[in-house]
Amino acid sequence: MTGSSACRLCGEAVDGSERFCSSGCRAVHGELGSPAEGDGPSAGGPSPIPEGHVRTFLRVDGMHSRSCEAYLEALATAEDGVADAEASYVTETVRVDHVPDRIGKDDLRRALSRTGYEAYLREDAATADGDGRTRRSREVTGLRSRRSRDMLQGRYIAGVMFGLFVMVHYLTILYPAHLRFLYDDVVLSVFDRALASPAAMIFFLVLSTLTGLVFWFTGAPLIRGSYVGVRMRRANTESLVALAAAGAFVYGLIAIGLGRTDVYHDLTIAIVVVTVAAIYYESLVKRLAVDELSALTVSEVGEARLEGSGDRVPVEEVEPGDRVLVRAGERIPVDGVLAEGECAVDEAVITGENLPVAKRAGDELVGGSAVLDGAAVCEAGSGSERGIDRLTATVWNLQSADHGVGRRADELAGRAVPAVLGLAVLVGIGTAVLGASPIEATLASLATLFVCTPWVVGFATPLSVAASVREATRRGIVVFDESVLERLRGVDVVVFDKTGTLTTGSMAVLDVELQADALEMAAALERRSAHPAARAVVAAAEADRGETDGGVERGDVSAFRTHATGVGGRVDGRTVLVGHPELFEERGWSIPETIRGRLAAVRADGRLPVVVGRDGHAEGVVVLGDEPREGWAETMTALHDRGIETVVLTGDHGEAAAFAREHPGVDHVFADVPPAGKAAAIRRLRERGTVAMVGDGTNDAPALAAADLGIALGSGTALASDAADLAVVGEGLAAVETAFDLASAAGRRLRENVALALSYNAVVIPAALLGVLSPPAAFGATVLAASLVAANAERSLVGGDR
């Protein structure tokens, strides 16, 4: 949609012949140029919903690669009534367009819950009032996810128990048979008689049964991953592990049938158990990382309070025309209009504008915004959808199209698996040509599988990821998926939101131009208000006095009244008015020209002027503003020095972003950009390279999801953190630079661990070529490689390694 009725940048509706919905969209279009061919207001997102279809979003546990994406898309589109499906392993999201009369949501969930995957509707992770958690946290800690982790834990424990039983017999019976040089003839004769007795076959059958249980039960996640790779013709790390484990297991079965002692069941157990242990450890570390976000602000509202009866009902049951009561400090549950009275509303969660908005009867109210002062009676509009619901849908649409990057380990597996299989066939053929029997040729081929396959990479990858995620969490950085650090290393552009990201996001007194007694009277009124500006005025009075009130009122206050843009009343017998200049105009109070000049200067600087007057005359101004975060300038400089382009993108007005324009490390500043415009700007910037977005508000969520990498500040909203790939738990921006350091170090560490993983092959391949390969040698090589990888993974990523 690019005609006169839609913004040329973001596609939002515009009036008449207007080409852009805001000055910010016009500036982005002007500076970043026209979109590439095929791009437009809706480009970069999913296709439109076909007529007669609905769009359903599901979260699927168990996704971890592009093979998983392709497999789940194939499962969905194979169902009757499904027109299109798109999956993203990065966000574990699957989007399905379907005809509801032919296949329902529960049918879709069941269709995708197979082959070890577990699907459930994202909308079911509804917010419980006051639970203080993000939707992502509820999904990751939900019942189904806990069952998945418990099952993985159970598989690991079973593998360890059965594996230990098998290994005891290997250490006491089979290994001595291969390490003959360590024992005298008497001991060896005992072993030889035992292995040659009829009972030996029963012994080996028991070992084979237990090894089979470990392989099929404990190794089920590996077998499933390998199966998906085969179905999609994309080998992955599970393919490497399963190939080596299966080769060793089948070799052992044939060896037992031939009466031989080179039975590699111990290797099968070692491969499966250590790899599943690493996978379980990785899932546990990620779960602990998500727990770090449990204290995030929740911007969603699950219930509404009906006026009159006071009954609380689910938001979904609110009908058009219902009147909903919202008290000061609460969030508006649905979109609608203010039915009566006045109030001040904070819409920053939706618009990014940090200054409160005065609302009067008949004004529109946006669901998700917060009532700051006074009570609001909201008459619900058509439907119970909220502005925050529309942003959530936008985020899910973008997340389902986020395919991230292919893991380097999977790319290695994609090359190694066909090469090893081809080599195994050639070895078998070569052995047969040289005169060996078919059985001997088969054993040679099977040996090639567990000797030449670099299966330890399948252990090194989850262990390296877990170590990186754990260290990031210790430094206040929560990483949600294993591709985040890889993508972060390739970032070319970092985009910052302003309000709450580059700034503190809270009102603070910057200047007081008022007599002390007048400030005290103003504070006496403001103590009765919940408005952020009121709290700032009270704090200013306390600072001026040098002591806090401790909650005790000062002055004799009467006739107190709240207005949409301020408060008024009598204090110690004098009439006092505190608020926006418009309030003084409405009440007919005079404002001297000197104060008017100061008001104009304060507004030009992007600050909020609060006028204080007594007995019909304005006497002074308290200047409030949202100050830049400590260290923001240093962060911009550090990124600029790395050669990264920096951009500031805000929904606030231009004057409020002036401080960023003055910084030499900031390449572009765009103000007055709506949420849809932010996402469109990200798409334009992605034409220049890989883009990371740093934000904290719900209005930032579409841009966070649209970027190649989303970084949410932990002081932000739940939806922002759900849309992001990485979250900074603390308040400082320095963690953003730390994240880049961690990403670089994690890349080096992963390469080191992959190289160390090949030490297994460096030992067993020469041993096989020299004809001295045995179960103890293979098991020893496994212990060596796993120990080297584990020790290296445990080293600190930054510091001396930096």
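Structure: above.
These numbers were taken from a predicted model, which means no experiment stands behind them. (Residues numbered from 1 in each chain as written. Predicted model: local features only at pLDDT ≥ 70, side-chain atom pairs only at ≥ 80, totals over all residues. Heavy atoms only, no water.)

**Side note on the overall build of the protein chain**
- For the protein chain, the count of helices and strands is 29 helices and 26 strands.
- Classification of the 802 residues of the protein chain by burial places 54% in the buried group.
- Taking all contacts inside the protein chain whose residues are at least 6 apart in sequence as the whole, residues at least 24 apart take part in 70%.
- Split by element, the accessible area of the protein chain, about 31800 Å² in all, is 55% carbon and sulfur. (Helix = DSSP H or I, 4+ residues; strand = E, 2+ residues; numbered from the N terminus. Buried < 20%, exposed > 50% of the residue type's maximum accessible area, 1.4 Å probe, protein only. Contact = heavy atoms within 4.5 Å. Areas by Shrake-Rupley, 256 points an atom, 1.4 Å probe, with all protein chains shown as cover.)

**Concerning the nonpolar core**
- Counting 66 residues, the largest nonpolar core has Phe204, Phe450 and Tyr760 as the members making the most contacts within it.
- The leading source of residues in this core is helix α9 (residues 237-257), at nine residues.
- Residues within four places of Phe450 in sequence aside, it is in contact with Ala244, Gly247, Ala248, Tyr251, Tyr264, Leu267, Tyr760 and Leu773.
- Counting 46 residues, the second-largest nonpolar core is a separate cluster that includes Ala466, Val491, Trp632 and Phe659. (Core = buried A, V, L, I, M, F, W, Y, C linked by side-chain atoms within 4.5 Å.)

**Details of the environment of Met693**
- Mapped onto the fold, Met693 is located in strand β24 (residues 691-695).
- Looking at Met693, the relative accessible area reads 0%, which means it is buried.
- With residues near it in sequence (within four places) discarded, Met693 still touches Val495, Asp497, Ile682, Asp700, Ala703, Leu704, Ala707, Leu709, Gly710 and Ile711.

**Focus: the packing of aromatic side chains**
- By the definition in use, this model includes 14 aromatic pairs.
- Ring centres 6.4 Å apart and planes at 20° place the aromatic pair Tyr156 and Tyr280 in the stacked group. With Tyr156 in helix α5 (residues 143-178) and Tyr280 in helix α10 (residues 265-291), this pair connects stretches of sequence that are 124 residues apart.
- A relative accessible area of 26% places Tyr156 in the partly exposed class. (Phe/Tyr/Trp six-rings, centres within 6.5 Å; stacked < 30°, edge-to-face > 60°.)

**Some words on the pattern of salt bridges**
- Applying the stated criterion across every chain yields a total of 30 salt bridges.
- Between Lys678 and Asp497 there is a salt bridge, and its shortest N-O distance comes to 3.3 Å. A residue pair is termed long-range when its members are at least 10 positions apart, and Lys678 in helix α24 (residues 675-686) and Asp497 in the loop between β15 (493-496) and α17 (498-502) qualify at 181 residues. Accessibility classification places Lys678 together with Asp497 in one group, the buried group.
- One salt-bridge network, in which partners are shared between bridges, spans Arg55, Asp84, Glu86, Arg95 and Asp97. (Salt bridge = Lys/Arg side-chain N within 4 Å of Asp/Glu carboxyl O.)

**Quick notes on the sheet that holds strand β3 (residues 93-98)**
- Spatially, β2-β3-β1-β4 is the arrangement adopted by the four strands of the open sheet, whose pairing is antiparallel. Because the sheet does not close on itself, it has two edges, and the strands there are β2 (82-88) and β4 (118-121). The average undirected angle you get between the axes of adjacent strands in this sheet is 25°.
- Two elements, strand β1 (residues 54-61) and β4, share four bridges in a ladder whose sense is antiparallel. Bridged to Val60 within β4 is Ala119.
- On top of the sheet, helix α2 (residues 66-77) reaches β1, β2 and β3; it is set at about 160° to β2, its chief contact. (Pairing = 2+ DSSP bridges. Axes fitted to C-alpha atoms, helices over the stretch in contact; angles between N-to-C directions.)

**Some points on helix α3 (residues 105-112)**
- Taken together, the buried positions of α3 are occupied by Leu108, Ala111 and Leu112. One side of α3 holds all its buried residues, which, seen down the axis, span an arc of 90°.
- Taken together, the buried residues of α3 touch β1, α2, β2, β3 and β4. (Arc of directions from axis to C-beta.)

**Details of a nonpolar patch on the surface**
- A contiguous nonpolar surface patch, about 270 Å² in accessible area, is contributed by Phe165, Ile202 and Val206.
- Locating Phe165 in the fold gives a position in helix α5.
- Its relative accessible area of 41% is what places Phe165 among the partly exposed residues. (Patch = residues over 30% accessible without salt bridge, like charges linked within 9 Å, V, L, I, M, F, W, Y side chains within 5 Å.)

**Quick look at the sheet that holds β15**
- With respect to topology, seven strands assemble into an open sheet ordered β14-β26-β25-β24-β15-β22-β23, the strand pairing being mixed. Here the strands that pair on one side only, and so sit at the sheet edges, are β14 (477-479) and β23 (668-670). Neighbour to neighbour, the strand axes of the sheet diverge by 20° on average, direction disregarded.
- Bridge count between strand β25 (residues 709-713) and strand β26 (residues 726-728): three bridges; the pairing is parallel. The residue bridging Ile711 from the neighbouring strand is Leu726, located in β26.

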